[in-house]
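So you can see what is in the structure, the chains are spelled out below.
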Amino acid sequence: IPLENKSIFSGSLFHYLEENKKWRNRFVFVPDNYNLNYYDSKAAHERHLHPKGTINCAGYKVLTSMEQYLDLFSSSSSSLPGERR
Ligand SMILES: *[C@@H]1O[C@H](CO)[C@@H](O)[C@H](O)[C@H]1NC(C)=O
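Residues numbered from 1 in each chain as written. Predicted model: local features only at pLDDT ≥ 70, side-chain atom pairs only at ≥ 80, totals over all residues. Heavy atoms only, no water.

An unreviewed UniProt entry annotates the protein chain as Niban-like protein 1 originating from Notothenia coriiceps.

Undergrad: Please explain the overall build of the protein chain as it appears in this structure.
TA: Per the secondary structure count, the protein chain includes two helices and four strands. Its helices and strands in sequence order give the protein chain the pattern β-β-β-α-β-α, from N to C terminus. Among the 85 residues that make up the protein chain, the fraction classed as buried is 19%. Long-range contacts, defined here as pairs at least 24 residues apart, represent 12% of the contacts in the protein chain between residues at least 6 apart. Total accessible area on the protein chain stands at roughly 7,200 Å², and carbon and sulfur atoms take up 54% of it. (Helix = DSSP H or I, 4+ residues; strand = E, 2+ residues; numbered from the N terminus. Buried < 20%, exposed > 50% of the residue type's maximum accessible area, 1.4 Å probe, protein only. Contact = heavy atoms within 4.5 Å. Areas by Shrake-Rupley, 256 points an atom, 1.4 Å probe, with all protein chains shown as cover.)

Undergrad: Sorry, what's going on with the pattern of salt bridges here?
TA: Oppositely charged side chains can form a pair if their charged atoms are brought close together. Counted by the stated rule, this structure contains three salt bridges. Among the ionic pairs, aspartate 40 bridges to arginine 26, the shortest N-O distance being 2.7 Å. Taken as a pair, aspartate 40 in the loop between strand 3 (36-39) and helix 1 (42-46) and arginine 26 in strand 2 (residues 22-30) lie far apart in primary sequence, 14 residues in all. Its salt-bridge partner being lysine 52, residue aspartate 40 comes within 3.7 Å of it at the nearest N-O pair. Taken together, the residues aspartate 40 in the loop between strand 3 and helix 1 and lysine 52 in the loop between helix 1 and strand 4 (53-55) connect sequence positions twelve residues apart. (Salt bridge = Lys/Arg side-chain N within 4 Å of Asp/Glu carboxyl O.)

Undergrad: Hey, could you run me through the pairing of strand 1 (residues 9-17) in this one?
TA: Successive side chains on a regular strand alternate, one facing one side of the sheet and the next facing the other. Bridging between strand 1 and strand 2 involves nine bridges; their strand directions are antiparallel. Paired with leucine 17 across the two strands is lysine 22, which belongs to strand 2. (Pairing = 2+ DSSP bridges.)

Undergrad: Honestly, a nonpolar patch on the surface in this entry has me stumped. Any pointers?
TA: Taken together, Leu3, Ile8, Phe9 and Tyr34 make up a surface patch of nonpolar side chains, about 360 Å² in accessible area. Considering the arrangement of structural elements, one finds phenylalanine 9 in strand 1. The exposure class assigned to phenylalanine 9 is partly exposed, which follows from its relative accessible area of 42%. (Patch = residues over 30% accessible without salt bridge, like charges linked within 9 Å, V, L, I, M, F, W, Y side chains within 5 Å.)

Printed below as a string of structure tokens:
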């Protein structure tokens, strides 16, 4: 594993909570296994608390700009990558 014990990404983002229709600031940490772990705060991660949630990113595609996002929509008229038919 070339990235063994390395952090692929960490930083803050907003997470939309469907239950109460609110945006929450979360600290996100992606370790060498590519799982996306999110925490209430950076302090929670530093204290080695369990993540609030984990998203397995296998099969996902990372888009880094709005242009890429719009291109994806226009080039795939009805199906998105990974969509089951
Ligand atoms: C990664 O961490 C483990 C456990 O601490 C250690 O055994 C291993 O040698 C580390 N690998 C690298 C590439 O640093």
